[in-house]
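# Descriptive analysis of the structure
Here are the chains, one letter per residue:
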Amino acid sequence: MIIAPGTPAPEFRLTTGDGDAFTQQDLKGATTVLVFYPFSFSPVCTDQLQIYEEILPDLERQGARMYGVSTDSSWAQKAFKDKLGITIPQLSDFEPKGAASRALGAYFEPGGMTNRAIVIFDPDGVVQWSHLADSPGDLPGANLIFDGLEARRSRA
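Let me begin by describing the structure that accompanies this report. (Residues numbered from 1 in each chain as written. Predicted model: local features only at pLDDT ≥ 70, side-chain atom pairs only at ≥ 80, totals over all residues. Heavy atoms only, no water.)

### Let's talk about the pairing of strand β8 (residues 117–121)
For clarity, the threshold we go by: Summary of the burial criterion: residues with accessible area below 20% of their type's maximum are buried, those above 50% are exposed, and those between are partly exposed, where the area comes from a 1.4 Å probe applied to protein chains only. By the criteria applied, helices consist of DSSP H or I runs no shorter than four residues and strands consist of E runs no shorter than two, each listed in order from the N terminus. By the convention used here, strands pair only if DSSP detects at least 2 bridges between them.
Among the five residues in β8, five count as buried, and that is most of the element. Along β8, one buried face is formed by A117, V119 and F121 and the opposite face, lined by I118 and I120, is buried too. Two elements, strand β3 (residues 31–36) and β8, share five bridges in a ladder whose sense is antiparallel. Along β8, the bridge assignment pairs L34 with V119. Two elements, β8 and strand β9 (residues 127–132), share five bridges in a ladder whose sense is antiparallel. From the neighbouring strand, V119 faces β9, where its bridge partner is S130. Taking the residues between adjacent antiparallel strands as the criterion, β8 and β9 are bridged by five residues, where G125 takes a positive phi near 85°.

So this is what it looks like as C-alpha cells:
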C-alpha cells in the first residue's frame, strides 16, 4: 500500500548518480516529486521519463523538483538517463534492494522491483499526495503529477 497523504517521510536511503546518499532529510526545503519506475530501458519507463522531462519546466515554475527512482543500479540509471538525454536526477534503490520503495509503499513484491508510483512531499517532508498504479505496466500520465500538486495547494 502506497504511503498516505499526511504521513511524515519514514527513514530511507537512496543513492544518487554520484554515489551520495539521498535520505528523508533531502526532502526538506522544497516540494519533491518522487517518480518510481520498474526498469531502466524498458519501453513504458522510457516513455514515462521522456514525457516527464517535457513537464520539468512547469514543475520548476511551481517550485517542485522531480527525481526518478528504481531498483536499478546507479550505473544503469546513468546510462538510461544519458541514452534518453533527460535531466531528471535518478535515485537508486538497488541495495538493499527496494528498501526505500518498500518503506514508501512503492515496491512490487511479485516482480522484485519498484512499482510505478508517484509520491509528492511538501517542503517539511510530509506526504501531500501519492499514487500507485494498478500494475507496473500502467503509465501514470503527467496530468496526475499536476493533480497531485493541485491537491497539495488546496490543503495549504
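### Concerning helix α2 (residues 74–84)
Condition: Regarding the arc, it is the one traced by the directions from the helix axis to the C-beta atoms.
Taken residue by residue, α2 has S74, Q77, F80 and L84 as its buried positions. Around the axis of α2, the buried residues are gathered within 120° of arc, so they sit on the same side. For α2, exposure combined with an orientation more than 90 degrees from the buried face picks out W75 and K83.

Everything listed here is a matter of coordinates, which is why it stays silent on function.
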